[in-house]
Amino acid sequence: MNLLIMGPAGAGKGTMSDMIVSEYDIPHISTGDMLRENVKNNTELGKSAQSYMIAGKLVPDDVINAMVEDRLQKPDCQKGYLLDGFPRTLVQAEAFTKIADKIGKPVESVIALEVGFDTLKERITGRRICPKCGAIYHIHTKPSKTEGKCDACGSDLVQRKDDTVEQLKVRMDEYEKSTKPVIDFYDAKGVATHIAADRKPEEVFGSIKEVLSTLSK
Ligand SMILES: [Zn+2]
């Protein structure tokens, strides 16, 4: 099962990815993790990527593409993969199509999570995190037992600096500009499914399972 998951920050990509991974036994692959792993293991690609990162530059597409090609051929991808955060641009999507065809793992389904601005605003501005242990709360949907304090370690909860309406607008514009063409690209291939993500996680996952049940194993 070769899958891509797309959606703006706050759409619940992380939660859905966890649910997909445990249901279908395929690895969740994000470009961030992939980069960190290559740097940590000091691979040739990792060294190359790091030279750009140290210079404060974006890691170029050919380095990222090579990492993806390498990663998807690891033994844990035998049953497929769930790619998250890649391809991020139309250029990457076109390059990735060639790579995926070359290694015999073409994308079968693209899950595009869709959420309205108001829902995202509510999710993001209500989010509180524990700076000490990383626990995540939400003032309405997942409040801590004592207001402003972490259940797990008692630390004062904080709001992430970029969890503001202004930053959300910037991120949404950015997402629209770069990712919309990628989703259009997969729409044209007939493999994308748009899923309303402003629902409870179990309901969203129910819709995803319905889509995936139509894929051959
Ligand atoms: Zn904590």
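Scroll up for the structure.
Owing to the predicted nature of the structure, the values given are computational and were not obtained by experimental measurement. (Residues numbered from 1 in each chain as written. Predicted model: local features only at pLDDT ≥ 70, side-chain atom pairs only at ≥ 80, totals over all residues.)

A. Spotlight on the pairing of strand 4 (residues 109-114). In terms of strand pairing, strand 1 (residues 2-6) meets strand 4 through four bridges, oriented parallel. If you follow Met6 over to strand 4, its bridge partner there is Ala112. As judged from the five bridges shared by strand 4 and strand 7 (residues 192-196), these two strands associate in the parallel manner. What sits directly across from Ile111, in strand 7, is Thr193. (Pairing = 2+ DSSP bridges. Helix = DSSP H or I, 4+ residues; strand = E, 2+ residues; numbered from the N terminus.)

B. Unusual backbone geometry, seen in detail. In this structure, Pro87 follows Phe86 across a cis peptide bond, with omega equal to -10°. Counting through the fold element by element, Pro87 comes out in the loop between strand 3 (81-84) and helix 5 (90-102). Of note, Asp25 is a non-glycine position whose phi angle comes to about 60°, a positive value. The exposed category is assigned to Asp25, around which 12 C-beta atoms lie within 10 Å. One non-glycine residue, Asn42, adopts positive backbone phi at about 55°. By the secondary structure assignment, Asn42 is in the loop between helix 2 (31-40) and helix 3 (44-54). (Buried ≥ 20, exposed ≤ 12 C-beta atoms within 10 Å, placed from the backbone.)

C. Seen up close, the environment of Pro143. Tracing the chain through its elements places Pro143 in the loop between strand 6 (136-138) and helix 7 (165-189). For Pro143, a count of 15 C-beta atoms within 10 Å translates into the label partly exposed. Separated by 16 residues in sequence, Pro143 and Arg127 have C-alpha atoms that sit 9.2 Å apart. If we ignore the near neighbours within four places in the chain, the residues touching Pro143 are Tyr137 and His138. (Contact = placed C-beta atoms within 7 Å.)

D. Expanded view of the sheet that holds strand 4. If you walk across this open sheet you meet the five strands as 2-3-1-4-7, and the pairing is parallel. Each edge of the sheet is formed by a strand with only one pairing partner; in this case those strands are strand 2 (28-30) and strand 7. The mean angle between the axes of side-by-side strands here comes to 25°, regardless of whether they run parallel or antiparallel. Across three bridges, strand 2 lies against strand 3 in parallel orientation. When the sheet's bridge partners are listed, Ile29 is paired in strand 3 with Leu83. On the sheet, helix 7 packs against strand 1, strand 4 and strand 7 and is oriented at approximately 120° with respect to strand 7. (Axes fitted to C-alpha atoms, helices over the stretch in contact; angles between N-to-C directions.)

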